[in-house]
Amino acid sequence: MRLPLKRYITLLAAYLRPQWARALLLAVLLCGSIGLQLLNPQILAYFIDTALGGGATLPLVLAGIAFIGIALLNQGISVANTYFSEYVAWTATNQLRTDLVAHCLSLDMGFHKAHTAGELIERIDGDVDLLSNFFSEFVINLLSSALMVVGVLLLFFRIDWHLGLVFTGFCLLTLSLLMLIRRRALPFTLANRQCSADFFGFLGEQLVGTEDVRANGATSWVMRRFYALLRSWLPIYRKYLILGTLLGLTAITMFNIAGALAVGLGAYLLGMRAITIGTVYLLFAYTDMLSQPLRQIMVQLQDLQQAEACIQRIDSLLHTAPAIVDGVGTPLPPGALSVEFRNVSFGYVAGEPVIHDLAFTLQPGKVLGVLGRTGSGKTTLARLLFRLYDPQAGEVRVGDVPVCMARLRDLRGRIAMVTQDVQIFRASLRDNLAFFNRTLSDARLIEVLDDVGLSAWYRALPGGLDTELGSEGQGISAGEAQLLAFARVFLSDPGLVILDEASSRLDPATEQLIERAVSKLFAGRTAIVIAHRLATVQRADEILVLEDGRLLEHGSRESLASAPGSRFAHLLQTGLEEVHA
């Protein structure tokens, strides 16, 4: 895969345009540095010839002062160049990271199921970090190095046209060899970056699940997989490293040849009395100076080798189209929302449906209890309502609006879900409750904590709403975390509430605390309760039973409970354990 030049230019323009003034100043500083570097050898050559020729002292002193002044000025320009290049690089790469994170968050759940968190972190941070030089200095340094080479060659032609031809040929040969090696190394650079992403993705996943790995005796399997990934990475990294080293050795060899050429040609021309000893120094100095831009070009080509692989991966990520496309913005009605599934079929994998031709309607303000065995499609139903996935057939409607027509932000803002797995952020209690929304008042947050029965717990916290929760902060039990999740729903004030086995982690005492809060939460709202226990659906107006992704029965709780042949009536007699066995 070859990335077209247009993509390089587009990427540079997109992230350097806001910093055009700094980038322009960086170019001016680099060009000024080139001029000063070309000028100083001329001053020193004049000094040598004047001193050997018995010239006056004043011109020698002035030449020495000029040499030192120009050297100091050049060092100052180098410092300024480093500052501005780093500033430009960090600003550009941080913006690119922001765009990548925003894009990943917009992608559907299918994408995130196919890529581990560690892999995405490596692509967002690792790949972008390697582009730092590409944004700050690549184009400018490449152009300035090319200008330096052209300037030195012109000065060689000015000394003697034979010298100009010899060193022009040397430069073309050196650059051709470097380009050839770079092209051979690119596939291994790309493969090395992918191996790195796979390895750190696996490592991150195992470290997150270390408790389960140890508890289930899977440590040996993890270590075998760990070594297998390293073994598969090693040959690729070895070839990548060998070709990178070959690039450097080729450059060093060519620079040594250039030095030998300068010494030989200088001695020959001096013996012919065609040049002075000062010109011999000038010849050697410019040869050494010629090696510097060629070395810089080599470094830039190595960076380009890294950048090209990173840009390909970043470009691929940015051009990954989300399967879920935002709707046109059809507004949802206020208040409680109706729910309707119109012959919906869906599968996470093509050809393997999880839900088959599901059709039911839930009126606004009603509570629906959803029952079914594990794998029957209960949680999938909730994911379709949130548009985490789109069905392959049929239509899902909320508030009599097709979910694909509503804005995702509006849809997810009107639906709230509490699951058995609650995410507690390493942040303050305030931010964990309000999801970093600073417009909510402290009084409102405290009121909600009281509604869910956490007022006593809150009063015992050392820092109140500023108490940090998380792994290294204030400890929090599973029941308290579940109650915080209910508090978040109160704050969002949704029109549809989904409880996905939300009470499964609550002990009986904690569950009693939340009963009053749930009654208040359901008032004036539509609710769907995915249940594990019969007691959880006692408040339901309607019952829906799923089996293997198909609608087994749907009706009012009273009618199904009194119907002798209904599955729900059978469950009431035998206990709910059968339904999820």
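Residues numbered from 1 in each chain as written. Predicted model: local features only at pLDDT ≥ 70, side-chain atom pairs only at ≥ 80, totals over all residues. Heavy atoms only, no water.

A tally of helices and strands in the protein yields 19 helices and 10 strands. Taking 2.2 N^0.38 as the reference for a compact globule, 581 residues should give roughly 25 Å; the C-alpha atoms of the protein span a radius of gyration of 35 Å, well beyond that estimate. Here the protein, with 581 residues, has 46% of them falling under the buried criterion. For the protein, the share of sequence-separated contacts (at least 6 apart) that also reach a separation of at least 24 residues comes to 77%. Accessible area for the protein stands at about 28,500 Å²; split by element, carbon and sulfur atoms hold 62% of it. Across the protein, the mean location of the 48 positive side-chain charges is 6 Å away from that of the 51 negative side-chain charges. (Helix = DSSP H or I, 4+ residues; strand = E, 2+ residues; numbered from the N terminus. Rg over C-alpha atoms; globule rule 2.2 N^0.38 Å. Buried < 20%, exposed > 50% of the residue type's maximum accessible area, 1.4 Å probe, protein only. Contact = heavy atoms within 4.5 Å. Areas by Shrake-Rupley, 256 points an atom, 1.4 Å probe, with all protein chains shown as cover. Lys, Arg positive; Asp, Glu negative; His and termini not counted. Charge placed at Lys NZ, Arg CZ, Asp CG, Glu CD.)

A sheet is described by the order of its strands in space; here 4 strands give the open sequence β2-β1-β4-β5, paired in antiparallel fashion. For this open sheet the edge positions go to β2 (355-362) and β5 (401-402), each flanked by a neighbour on one side alone. As judged from the 5 bridges shared by strand β1 (residues 339-346) and β2, these two strands associate in the antiparallel manner. Among the inter-strand pairings, V339 is bridged to a residue of β2, identified as L362. Its contacts with the sheet place helix α11 (residues 378-385) against β1, β2 and β4 (393-398), and it is angled at close to 115° to β1. (Pairing = 2+ DSSP bridges. Axes fitted to C-alpha atoms, helices over the stretch in contact; angles between N-to-C directions.)

The next point concerns the pairing of strand β10 (residues 550-556). Judged from the 6 bridges that link them, strand β9 (residues 542-547) and β10 form a sheet pairing that is antiparallel. Pairing of I543 across the sheet is with G555, part of β10. Here β9 hands over to β10 after 2 residues, with D548 in that stretch at a positive phi of 55°.

One can describe the packing of helix α3 (residues 57-106) onto helix α5 (residues 117-129) by two numbers: an axis separation of 9 Å at closest approach and a directional angle of 160°. With respect to each other, α3 and α5 are oriented roughly antiparallel. Here α3 and α5 pass one another in a crossing that is right-handed. Facing T93, L96, R97, L100, V101 and C104 of α3, the residues of α5 in contact are L120, R123, I124, D125, V128 and D129. (Parallel < 35°, antiparallel > 145°, perpendicular 65-115°, else oblique. Left-handed = near helix turned anticlockwise from the far one by under 90°.)

We now examine the packing of aromatic side chains. According to the stated counting rule, one finds 14 aromatic pairs in the structure shown. A centroid spacing of 6.3 Å and a plane angle of 40° characterise the contact between Y83 and Y87, whose relative ring orientation is tilted. Separated by 4 residues within a single helix, Y83 and Y87 lie in helix α3, roughly one turn from each other. With relative accessibility at 35%, the residue Y87 sits in the partly exposed group. Taking the centre distance of 5.6 Å and the plane angle of 45° together, the rings of F199 and W233 count as tilted. One end of the pair, F199, is in helix α7 (residues 161-208); the other, W233, is in helix α9 (residues 219-271), and 34 residues separate them in sequence. Classification of W233 by relative accessible area gives buried; the value is 17%. By the ring-pair criterion, three or more aromatic residues cluster together here, those being F199, F200, F226, Y227 and W233. (Phe/Tyr/Trp six-rings, centres within 6.5 Å; stacked < 30°, edge-to-face > 60°.)

When pLDDT is averaged across the protein, the result is 80; 90% of the residues are at 70 or more. Residue range residues 577-581 is modelled with pLDDT below 50. Its contacts to residues more than four positions away, or to other chains, number 14 contacts. (pLDDT = per-residue confidence, 0-100.)

Moving on, we come to the pattern of salt bridges. For the coordinates displayed, the defined rule picks out 13 salt bridges. Across the salt bridge formed by E340 and R342, the nearest N and O atoms sit 2.9 Å from each other. Here R342 falls in the partly exposed class, since its relative accessible area comes to 35%. For D390, the salt bridge is made with R387, and the minimal N-O distance between the two is 2.7 Å. For D390, a relative accessible area of 26% translates into the label partly exposed. Within the structure, one salt-bridge network assembled from shared partners comprises E340, R342, E395, R397 and D400. (Salt bridge = Lys/Arg side-chain N within 4 Å of Asp/Glu carboxyl O.)

For α9, which comprises 53 residues, the first-to-last C-alpha distance of 76 Å matches the rise-based estimate of 78 Å (1.5 Å per residue) to within 8%. Taking the largest bend as the criterion, α9 deviates by roughly 30°, centred on L234, and proline P235 comes between one and four positions later. Within two residues after α9, R273 carries a phi angle of roughly 60°, on the positive side. (Expected span 1.5 Å × (residues − 1). Bend = angle between axes of the 7 residues up to and from the residue.)

Let us now look at the sheet that holds β10. Overall, mixed pairing links the 6 strands, which are arranged β6-β7-β8-β3-β9-β10 in an open sheet. Of all strands in the sheet, those with a lone pairing partner are β6 (415-419) and β10, marking the two edges. Strand-to-strand twist across the sheet, computed as the mean angle between neighbouring axes with direction ignored, equals 15°. Its contacts with the sheet put helix α16 (residues 478-492) on β6 and β7 (496-500), and the angle it makes with β6 is roughly 175°.

Next up on the list: a nonpolar patch on the surface. Taken together, the side chains of W20, L24, L25 and V28 present a nonpolar region at the surface, about 420 Å² in accessible area. Residue position: V28 is located in helix α2 (residues 20-52). (Patch = residues over 30% accessible without salt bridge, like charges linked within 9 Å, V, L, I, M, F, W, Y side chains within 5 Å.)

Time to look at the pairing of β4. Pairing of β1 with β4 involves 5 bridges; the strand directions are antiparallel. Bridge assignment links F341 to a residue of β4, and that residue is V396. Judged from the 2 bridges that link them, β4 and β5 form a sheet pairing that is antiparallel. When the bridges of β5 are listed, R397 appears paired with P402.

So, about the nonpolar core. L371, L429, L433, L449, L484, F522 and I543 are the most contacted members of the largest nonpolar core, which totals 44 residues. Of all the elements, α16 adds the most residues to this core, at 9 residues. Counting 31 residues, the second-largest nonpolar core is a separate cluster that includes L337, F341, V370 and F386. (Core = buried A, V, L, I, M, F, W, Y, C linked by side-chain atoms within 4.5 Å.)

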